[in-house]
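Reading the structure
The primary structure of each chain is shown beneath.
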Amino acid sequence: MTAKLLINNMRMNFGDRLLFAAPQLEFAQGDVIYLQGENGAGKTTLMKLLAGLVAPSSGSITATGFPARPWWRNQRSVLGRAIYLHQYPYLFDGNVKRNLTHGLKFIDDDKKTIDLRVEQALEMAHLQHLINRTASHLSGGERQRLAIARAWVLQPKLLMLDEPTSNMDKYSQSLIMQMIHQLRELGTGLLISSHQTCELTDLCHNQWIIQQQLIQASAIVATSVTTEDTQYELAN
Ligand SMILES: Nc1ncnc2c1ncn2[C@@H]1O[C@H](COP(=O)(O)OP(=O)(O)O)[C@@H](O)[C@H]1O
Ligand SMILES: [Mg+2]
């Protein structure tokens, strides 16, 4: 069963002010969605809603198709279903390795598989030489790479990237593109916010536009032929 989050008749207010309404939206595994909107339109707030970090003012967001949780946790709760990657990623105290492996204690896979995945992530993010470096000493691009590598290691069903490549050097951007590409191949649903188009948003086949306090979904009609697929095959 496909894992998805469903938004139904949702409205989000701050005080008296309506930020946006969304009658019906679906974010599912395999989706690659470009979330568009001017600065202040509510992209970050929408991602926080989908991550279960804040609650909508009215309406609902529910999760279906995810593996069962322990009986004491609400099966339909969205909290923790989709991983949310903040624009300025939060890193833990300690070194790169600790940051990369932190979430893995909640994963059931055997140790060998996990070790291999960590090694692959370090390689993809070009962070091997920094494995023992204190995370707070990393450059901006390295921090972003570590944050995406940490998500990649968990191989989530749904991942939300908030303005992922803004303020990032070209080198880090290309590494992140490769990791995102890989996640897409694995079927991870991606919601990517940006106030302008970029290489990452070119990957998207659907769009959600926040305009005049309404979020509307539509398909993106391709306007040009890209050579991305061949490029990434070569890069791998
Ligand atoms: N906790 C909050 N309380 C009040 N207003 C908020 C809060 N969080 C965000 N906002 C406001 O909601 C609007 C949308 O913010 P945000 O979701 O960050 O937009 P975007 O990511 O599209 O730039 C902004 O005007 C912001 O000031
Ligand atoms: Mg934002």
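For clarity, every value in this text was computed on a predicted model and none was experimentally measured. (Residues numbered from 1 in each chain as written. Chains lettered and ligands numbered in written order. Predicted model: local features only at pLDDT ≥ 70, side-chain atom pairs only at ≥ 80, totals over all residues. Heavy atoms only, no water.)

**Some thoughts on unusual backbone geometry**
Residues other than glycine seldom take positive phi values, yet Glu 163 does so here, at roughly 45°. On the secondary structure map, Glu 163 appears in the loop between strand 6 (158-162) and helix 5 (170-185). Of note, Gln 213 is a non-glycine position whose phi angle comes to about 60°, a positive value. Position of Gln 213 relative to the elements: it lies in the loop between strand 8 (206-211) and strand 9 (214-219). Here Gln 213 falls in the partly exposed class, since its relative accessible area comes to 42%. (Helix = DSSP H or I, 4+ residues; strand = E, 2+ residues; numbered from the N terminus. Buried < 20%, exposed > 50% of the residue type's maximum accessible area, 1.4 Å probe, protein only.)

**A look at the layout of surface pockets**
Unfilled space is identified by rolling a water-sized probe across the atoms. Its boundaries defined by the atoms lining it, the largest pocket holds a volume of some 1400 Å³. It is helix 4 (residues 140-154) that contributes the most residues to the lining of the largest pocket, five residues altogether. Grouping the constituent residues of the lining of the largest pocket by class yields 22 nonpolar, five polar and eight charged. (1 Å grid on protein atoms, 1.4 Å probe; cavity = no way out; pocket = protein on both sides within 12 Å on 5 of 7 lines; lining within 4 Å. Points joined across faces, edges and corners; volume = space filled by probe spheres on them. Nonpolar A, V, L, I, M, F, W, Y, C, P; charged D, E, K, R; others polar.)

**What about the site of ligand 1?**
In the vicinity of ligand 1, the residues found are Phe 14, Arg 17, Leu 19, Glu 38, Asn 39, Gly 40, Ala 41, Gly 42, Lys 43, Thr 44 and Thr 45. A distance of 2.7 Å separates an oxygen atom of ligand 1 from a polar atom in the backbone of Gly 40. Taking Thr 44, its side chain carries an N or O atom lying 2.9 Å from an oxygen atom of ligand 1. Burial of ligand 1 by the protein amounts to 56% of the accessible area it has alone, namely 560 Å². Secondary structure elements with two or more residues in the shell around ligand 1: strand 2 (17-28) and helix 1 (43-50). Per element, the largest residue contribution to the shell around ligand 1 is three residues, and it comes from helix 1. Grouping the constituent residues of the shell around ligand 1 by class yields three nonpolar, five polar and three charged. (Near = heavy atom within 4 Å. Polar contact = N/O pair within 3.5 Å; in protein donor to acceptor, adjacent residues only side chain to side chain. Areas by Shrake-Rupley, 256 points an atom, 1.4 Å probe, with all protein chains shown as cover.)

**Thoughts on the packing of helix 4 against helix 5**
For the pair helix 4 and helix 5, the least separation of the axes is 10 Å and the interaxial angle reads 10°. By the criterion of interaxial angle, the relationship of helix 4 to helix 5 is roughly parallel. Along the contact surface, helix 4 presents Gly 141, Glu 142, Gln 144, Arg 145, Ile 148, Ala 149 and Trp 152, while helix 5 presents Tyr 171, Ser 172, Leu 175, Ile 176, Met 179, Ile 180, Gln 182 and Leu 183. For the contact of helix 4 with helix 5, a count of residues per class yields nine nonpolar, four polar and two charged. (Axes fitted to C-alpha atoms, helices over the stretch in contact; angles between N-to-C directions. Parallel < 35°, antiparallel > 145°, perpendicular 65-115°, else oblique. Contact = heavy atoms within 4.5 Å.)

**Section: the nonpolar core**
By size, the foremost hydrophobic cluster in this structure holds 37 residues, and its most contacted members are Leu 100, Leu 146, Leu 161, Met 179 and Ile 180. Elements with a minimum of two residues in this core: strand 3 (32-36), helix 2 (96-101), helix 3 (111-124), helix 4, strand 6, helix 5 and strand 7 (189-194). A total of seven residues in this core trace back to one element, the largest contributor, which is helix 4. In this view, Leu 161 contacts Met 47, Leu 85, Ile 148, Ile 180, Leu 190, Leu 191, Ile 192 and Ser 193; residues no more than four positions away in its chain are not counted. (Core = buried A, V, L, I, M, F, W, Y, C linked by side-chain atoms within 4.5 Å.)

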